[in-house]
Amino acid sequence: RPGAQHWIPPGADLDQLREAARACRGCELYENATQTVFGAGSPTARVVLVGEQPGDQEDRQGLPFVGPAGRLLDRALAEVGIERADAYVTNAVKHFRFTQSGPGKRRLHQTPDMGHITACKPWLQAELAILDPEVIIALGATAGRALLGPSFRVTKQRGMLIPWPTDAGEEGTRRSAFVVATVHPSAVLRADDRESAYAGLVADLRVAAEVLH
Ligand code: URA
Ligand code: SF4
C-alpha cells in the first residue's frame, strides 16, 4: 500500500482536496467501492466529526453520514446544540470496505484495518490542517486510532478532553484544541440497550459542545 500522500496536491484548499481524492489509489479499497467519499460541511467549522468509513448509502451517494447512522448522529448533535450545518463531517477511511458473497448479495460492512487507516490518514491530516478546528469528535475506535494511534480504546478514553496539538499561532489567537472520543452511532443502533447507548453518545457530545460555548 503506497498510501494517499502521493495523490495530495500541495497547497490545495478543501475543494481541491476533495477533487484530488476522487483519483486516490493509496490502498486497494478504491477497487470495489463506488467512489471516494470525502469530508463535507462548513469550511469555517469549529468542530470536525470523524467517522470510520462510508457505509453502503454513503458509498452510493458520495456523501458522509447520510444513512441511518447519520440520521441518529444529526439527532444527537441537535440535542447538544451543534448544528450539522456548522460542522464538518468526514471519515478516517474514505472508501467503503465490504464483503459480498455472491451476485445480488447484500454488501456487508468490513472494519478497515490499521493498514487502511494509515494509508488514508494523509487525507484526514490535510483536512484538519486546513480546518484547524477547536474540537475534533472521534466517532468510534477507527476514528480514535486514526487520530490518537493504535493503542486508543474508546471504553477508556471516551468523553474526555484530550489535548490536540495545533501550530503556534499569532499572539492573542486561540491555540488549544481537543479531541473528544465517543462511540460510533452505528454501535448505538446495534446496542441491546439502545436508550442508554444513545444517552452515552449525547453525554460525550455535550463535552465537545461545551468547548464551543
Ligand atoms: N459510518 C461512518 O463511519 N461513516 C459514514 O459516513 C457513515 C456511516
Ligand atoms: Fe485512497 Fe483512502 Fe480510498 Fe485507500 S481508502 S484508496 S487511501 S482514499
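The structure we're discussing is the one just above.
A brief structural summary. Only a predicted model underlies this, so the values are computations on that prediction, with no experimental measurement involved.

Reading guide: rules and limits
The numbering scheme is per chain: residues are counted from 1 as the chain's sequence reads. Following the order in which they are written, the chains are lettered starting with A and the ligands numbered starting with 1. Given that this is a predicted model, residues contribute local features only at a pLDDT of at least 70 and side-chain atom pairs are listed and counted only at 80 or more, while totals for whole chains, interfaces and linings are drawn from all residues. Each side-chain value is worked out from all heavy atoms of the structure, with water and hydrogens disregarded. The axes used here are C-alpha line fits, helices contributing only the stretch in contact, and every angle between their N-to-C directions lies in the interval 0 to 180 degrees. Every helix listed is a DSSP run of H or I at least four residues long, and every strand listed is a run of E at least two residues long, numbered separately from the N terminus. In this scheme, roughly parallel covers angles under 35 degrees and roughly antiparallel covers those over 145, while 65 to 115 is roughly perpendicular and the rest are oblique. Whether a crossing is left-handed or right-handed is set by the direction in which the near helix is turned from the far one by less than a right angle, anticlockwise for left-handed and clockwise for right-handed. Two residues qualify as a contact provided that any one of their heavy atoms is within 4.5 Å of a heavy atom in the partner residue. Note on residue classes: Ala, Val, Leu, Ile, Met, Phe, Trp, Tyr, Cys and Pro are nonpolar, Asp, Glu, Lys and Arg are charged, and everything else, Gly too, is polar. Whether a residue is near a molecule or strand depends on its heavy atoms: it is near if one of them lies within 4 Å of it. A pair of Phe, Tyr and Trp rings is counted when the ring centres sit within 6.5 Å of each other, with Trp represented by its six-membered ring. The angle between the planes then sorts it: under 30 degrees is stacked, over 60 is edge-to-face, the rest tilted. Type-normalised accessible area, obtained with a 1.4 Å probe on protein chains alone, sets the label of each residue: buried when under 20%, exposed when over 50%, and partly exposed for intermediate values. Two conditions define a charge located above a ring, namely a distance within 6 Å from the ring centre to NZ of Lys or CZ of Arg, and an angle within 35 degrees of the ring normal. Criterion used throughout: strands pair if DSSP finds at least two bridges between them. Under the counting rule used here, the positive set is Lys and Arg, the negative set is Asp and Glu, and His together with the chain ends is not counted. For this document, the term salt bridge refers to a Lys or Arg side-chain nitrogen within 4 Å of an Asp or Glu carboxyl oxygen. By the criterion applied in these results, polar contacts are pairs of N or O atoms within 3.5 Å in which, for protein atoms, one can donate a hydrogen and the other can accept it, and in which residues neighboring in sequence qualify only through two side-chain atoms.

Digging into the packing of helix H3 (residues 68-79) against helix H8 (residues 194-212)
Any two packed helices are characterised by the angle at which their axes cross and by the distance between the axes.
And step 1. Interhelical geometry of H3 versus H8 gives an angle of 50 degrees and a closest axis separation of 9 Å. Comparing their axes, H8 and H3 come out oblique. When the axes of H3 and H8 are compared, the crossing they make is right-handed. Packed against H3, whose contacting residues are Leu72, Arg75, Ala76, Leu77 and Glu79, the element H8 presents Tyr198, Leu201, Val202, Leu205 and Arg206 at the interface.
And step 2. When grouped by side-chain class, the residues that make up the contact of H3 with H8 number 7 nonpolar, no polar and 3 charged.

Some remarks on the site of ligand 2
And step 1. The local shell around ligand 2 consists of Cys24, Gly26, Cys27, Tyr30, Val93, Lys94, His95, Ala119, Cys120 and Trp123.
And step 2. For the shell around ligand 2, a count of residues per class yields 7 nonpolar, 2 polar and 1 charged.

Quick notes on the packing of aromatic side chains
And step 1. Under the counting rule described, the total for this entry stands at 2 aromatic pairs.
And step 2. Taking 5.8 Å as the distance between ring centres and 90 degrees as the angle between the ring planes, the aromatic pair formed by Phe38 and Trp123 counts as edge-to-face. Within this pair, whereas Phe38 is found in the loop between helix H1 (14-21) and strand S1 (40-41), its partner Trp123 is found in helix H4 (residues 114-131), the two being separated by 85 residues in sequence. For the pair Phe38 and Trp123, a shared accessibility class is recorded, and that class is buried.
And step 3. A cation over an aromatic ring shows up here: Lys94 above the ring of Phe38, its NZ or CZ 5.6 Å from the ring centre.
And step 4. In this arrangement the basic side chain of Arg107 is found over the ring face of Phe98, its NZ or CZ atom lying 5.0 Å from the centre.

Some remarks on the pairing of strand S6 (residues 135-139)
And step 1. The buried count for S6 comes to 5 of 5 residues, which makes it a mostly enclosed element.
And step 2. Residues Val135, Ile137 and Leu139 line one face of S6 and the alternating positions Ile136 and Ala138 line the opposite face, and both faces are buried.
And step 3. The pairing of S6 with strand S8 (residues 177-182) spans 5 bridges and is classified as parallel. The partner of Ile136 across the bridge, within S8, is Val179.

What about the side chain of Arg97?
And step 1. You can see Arg97 is positioned in the loop between strand S3 (87-91) and strand S4 (98-99).
And step 2. Buried and unpaired, Arg97 has no salt bridge, with Asp113 as the nearest side chain of opposite charge at 4.1 Å.
And step 3. For Arg97, the side chain forms a polar contact with the main-chain oxygen of Thr111, separated by 2.6 Å.
And step 4. Residues within four places of Arg97 in sequence aside, it is in contact with Leu29, Gln53, Leu108, His109, Gln110, Thr111, Pro112, Asp113 and His116.

A few points about the packing of H4 against helix H5 (residues 141-148)
And step 1. Contact geometry for H4 and H5: axes closest at 9 Å, N-to-C directions at 70 degrees. As far as their axial angle goes, H5 and H4 are roughly perpendicular. Along this stretch, H4 crosses H5, giving a crossing that reads as right-handed. Mapping the contact onto sequence places Met114, Ile117, Lys121, Leu124 and Leu128 in H4 and Thr142, Arg145, Ala146 and Leu147 in H5.

Regarding unusual backbone geometry
And step 1. The phi dihedral of Phe65 is positive, around 50 degrees, even though this residue is not glycine.
And step 2. Positionally, Phe65 belongs in the loop between helix H2 (56-61) and H3.
And step 3. A relative accessible area of 6% means that Phe65 is categorised as buried.
And step 4. The phi dihedral of Asp132 is positive, around 45 degrees, even though this residue is not glycine.

These figures come from the coordinates and say nothing about function on their own.
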